[in-house]
Amino acid sequence: VIFTARKPASTSMEAAPSIGLHCPHPERIRTPDSACESVRAAVNAIIGSDGGTGGVSEAERRAIQLANFSNWEHEDARLLVYMRQMYIDVGLVERLPIDEDKLLSFLLRIYAGYNQVPFHNFRHCFMVTQMTYSIIWLGNLHAICSDSELVALLTAAVCHDLDHPGLSNYYQRLAATKIASSYSASPLESHHAATALAVLSDPACDILASLTAETRSGVEGAIQRLILATDMAHHAEILAEFEAAVEAGQFSLQDLSDCSADSRELLLRIVLKTADVSNEARPVATAERWIDCLLAEFFAEARLEQESDISPLPFMNPALVRKAVSQQQFIGGIVLPLSLALARVLPRTETDIVQPVKRQLEFYTRLVEDEEREAAVAEED
């Protein structure tokens, strides 16, 4: 399947505005040049350290295919090397082809483009990319999808939160930021997509350079649409569309390659959306640290909003949030239904994603029940 050029959803994709226009203190969150140079040197040292393997052992290559992988044991440079390996192992470097120097330059530029915010940072980028990669293997998508589809999916995962300021679309709109006025819908997601295309337009980072103009236009459009699909404001709509497509028999479990291009892209949106909320499919020790990171970012936004006379959203307000309750609602209302929908088309995700998500839901449900019992006892006393 070759992507044909299609316009993205009704949103402008002009050059991305500077982060200073939608973040009060951009200098505080930018990844310093010194850190980027240090990571660049470390990446080059890893790649050149083990003749012919690119610095990634066979055991590591198997580990990054697993849905229970944890980022916390690894330094950023190692994670970048793993991301490079993903493009190699799904066959894109050889078949598209992708120049390896450009691939490395692209990934290093992406690293520099993620900000040092509590949650929507480079490590979140890695985890979403890694889960996307895991689903590619679980669903055998590397053998089913075209190279155009694979490079669009993997690159959308890499770039899906690029230049995120740690402040939500809710803040962007109510604070009347430049980014909110720059796009007609999904301000942050539109900004991430525009920033991604700006990086790809640099010849040194152009991993799509080998494509024809028509194919490239189609891939870039798919990257935009996939990133836009991560806007949770459209979650219910996209999930309902996917479930209706499944019910209508648009996905053949025997051979997904028979699906229409539109149906396959809808599946890829669900893959990326599942990966974007996939921390709850990982072991509790891994997931809990990510939950704390997310709450730290939410609470920081709430404080800023209160200082600006903006009422924080309830799920971001530290005065209202109970962690166990929030997790129970998020997993039960978002993560589990999404995972179950994906498993209807990619059955192997049932064991590796759905079952762990169910265990997480059970874990937080027990915590909520324990908290309620303790509160009831305290009232009686």
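Going by what an unreviewed UniProt entry lists, the protein is known as PDEase domain-containing protein and is assigned to Macrostomum lignano.

S.K.: An account of the overall build of the protein is needed here, citing residue identities and associated values.
M.R.: The helix and strand tally for the protein stands at 17 helices and 0 strands. The C-alpha atoms of the protein give 21 Å as radius of gyration, which agrees with the globular expectation for 381 residues (21 Å, within 12%). With respect to the three principal axes, the spread of C-alpha positions in the protein is 70 × 50 × 45 Å. For the protein, the proportion of its 381 residues judged to be buried stands at 55%. Across the protein, every contact between residues at least 6 apart in sequence was considered, and the portion connecting residues at least 24 apart equals 79%. Surface accessibility of the protein: about 16100 Å² in total, with carbon and sulfur atoms responsible for 52%. For the protein, the centre of its 31 positive side-chain charges and the centre of its 53 negative side-chain charges are spaced 3 Å apart.

S.K.: Tell me about the side chain of Asn317, and please be specific about residues and values.
M.R.: Along the polypeptide, Asn317 turns up in the loop between helix H15 (284-307) and helix H16 (323-345). On the accessibility criterion, Asn317 (12% relative accessible area) is buried. A polar contact is formed between the side chain of Asn317 and the backbone nitrogen of Ala319, at a distance of 3.0 Å. Every residue in contact with Asn317, bar those within four places of it in the chain, is listed here: Phe299, Ala302, Gln306 and Pro312.

S.K.: Account for the nonpolar core, naming residues and giving values.
M.R.: Tyr87 and Phe106 are the most contacted members of the largest nonpolar core, which totals 110 residues. A per-element tally of this core places H16 first, with 10 residues. Contacts of Tyr87, omitting those with residues within four sequence positions, involve Leu92, Val93, Ile98, Leu103, Phe106, Val151, Leu154, Thr155, Val158 and Ile207.

S.K.: With reference to specific residues and values, describe the packing of aromatic side chains.
M.R.: For the coordinates displayed, the defined rule picks out 9 aromatic pairs. Ring centres 5.5 Å apart and planes at 85 degrees place the aromatic pair Phe119 and Trp290 in the edge-to-face group. Taken together, the positions of Phe119 in the loop between helix H5 (100-113) and helix H6 (122-138) and Trp290 in helix H15 put the pair 171 residues apart, joining distant regions of the chain. The exposure class of Phe119 is buried, given its relative accessible area of 7%.

S.K.: Help me get a handle on the UniProt feature "active site" (unreviewed entry) in the protein, residues and values and all.
M.R.: Here the UniProt-annotated "active site" (unreviewed entry) positions come out as His120. Mapped onto the secondary structure, His120 falls in the loop between H5 and H6. Exposure remark for His120: the relative accessible area of 14% places this residue in the buried category. In this view, His120 contacts Tyr114, Asn115, Asp161, His164 and Glu297; residues no more than four positions away in its chain are not counted. At 2.4 Å, the side chain of His120 forms a polar contact with the side chain of Glu297.

S.K.: Can you tell me about the state of the cysteines, naming the residues and giving the values?
M.R.: Per the stated rule, a full pass over the model turns up 0 disulfides. You can see Cys145 has no disulfide; the closest cysteine sulfur is in Cys259, sitting 9.5 Å from it.

S.K.: An account of the pattern of salt bridges is needed here, citing residue identities and associated values.
M.R.: Counted under the stated rule, the structure contains 20 salt bridges. The partner of Glu288 in a salt bridge is Lys323, and the shortest N-O contact between them spans 2.9 Å. Taken together, the residues span a long stretch of sequence, with Glu288 in helix H15 and Lys323 in helix H16 at a distance of 35 residues. Taking the relative accessible area as the measure of exposure, Glu288 reaches 22% and is therefore partly exposed. Accessibility expressed as a relative area gives 25% for Lys323, which makes it partly exposed. Notably, a salt bridge pairs Arg373 with Asp370, separated by 2.2 Å at the nearest N-O pair. Residue Arg373 and its partner Asp370 are both found in helix H17 (residues 349-380); the two are separated by 3 residues, about one turn of the helix. Judged by its relative accessible area of 48%, Arg373 falls in the partly exposed class. When its relative accessible area of 32% is taken as the criterion, Asp370 is described as partly exposed. In this structure, a network of salt bridges that share partners links the residues Glu58, Arg61, Arg62 and Asp89.

S.K.: Please set out unusual backbone geometry residue by residue, giving values where relevant.
M.R.: Here the residue pair Leu96 and Pro97 is connected by a cis peptide bond, since its omega of -15 degrees sits within 30 degrees of zero. Structurally, the position occupied by Pro97 is in the loop between helix H4 (92-95) and H5. Of note, the phi angle at Asp163 is positive, near 65 degrees, even though the residue is not glycine. Relative to the assigned elements, Asp163 resides in the loop between helix H8 (147-159) and helix H9 (169-174). A residue is classified by how much of its surface remains accessible, and Asp163, at 5% relative accessible area, is buried. Phi at Asp309 takes a positive value of approximately 60 degrees, unusual for a residue other than glycine. Mapped onto the elements, Asp309 comes out in the loop between H15 and H16.

S.K.: Tell me about H15, and please be specific about residues and values.
M.R.: With 24 residues, H15 extends 34 Å from end C-alpha to end C-alpha; this agrees with the ideal 34 Å at 1.5 Å per step. Taken from the residues just after H15, Asp309 is the one with a positive phi, measuring 60 degrees.

Rules used in this analysis
- Residues numbered from 1 in each chain as written.
- Predicted model: local features only at pLDDT ≥ 70, side-chain atom pairs only at ≥ 80, totals over all residues.
- Heavy atoms only, no water.
- Helix = DSSP H or I, 4+ residues; strand = E, 2+ residues; numbered from the N terminus.
- Rg over C-alpha atoms; globule rule 2.2 N^0.38 Å.
- Buried < 20%, exposed > 50% of the residue type's maximum accessible area, 1.4 Å probe, protein only.
- Contact = heavy atoms within 4.5 Å.
- Areas by Shrake-Rupley, 256 points an atom, 1.4 Å probe, with all protein chains shown as cover.
- Lys, Arg positive; Asp, Glu negative; His and termini not counted.
- Charge placed at Lys NZ, Arg CZ, Asp CG, Glu CD.
- Polar contact = N/O pair within 3.5 Å; in protein donor to acceptor, adjacent residues only side chain to side chain.
- Core = buried A, V, L, I, M, F, W, Y, C linked by side-chain atoms within 4.5 Å.
- Phe/Tyr/Trp six-rings, centres within 6.5 Å; stacked < 30°, edge-to-face > 60°.
- UniProt positions renumbered as here; feature names shortened; annotations may be inferred.
- Disulfide = S-S within 2.5 Å.
- Salt bridge = Lys/Arg side-chain N within 4 Å of Asp/Glu carboxyl O.
- Expected span 1.5 Å × (residues − 1).

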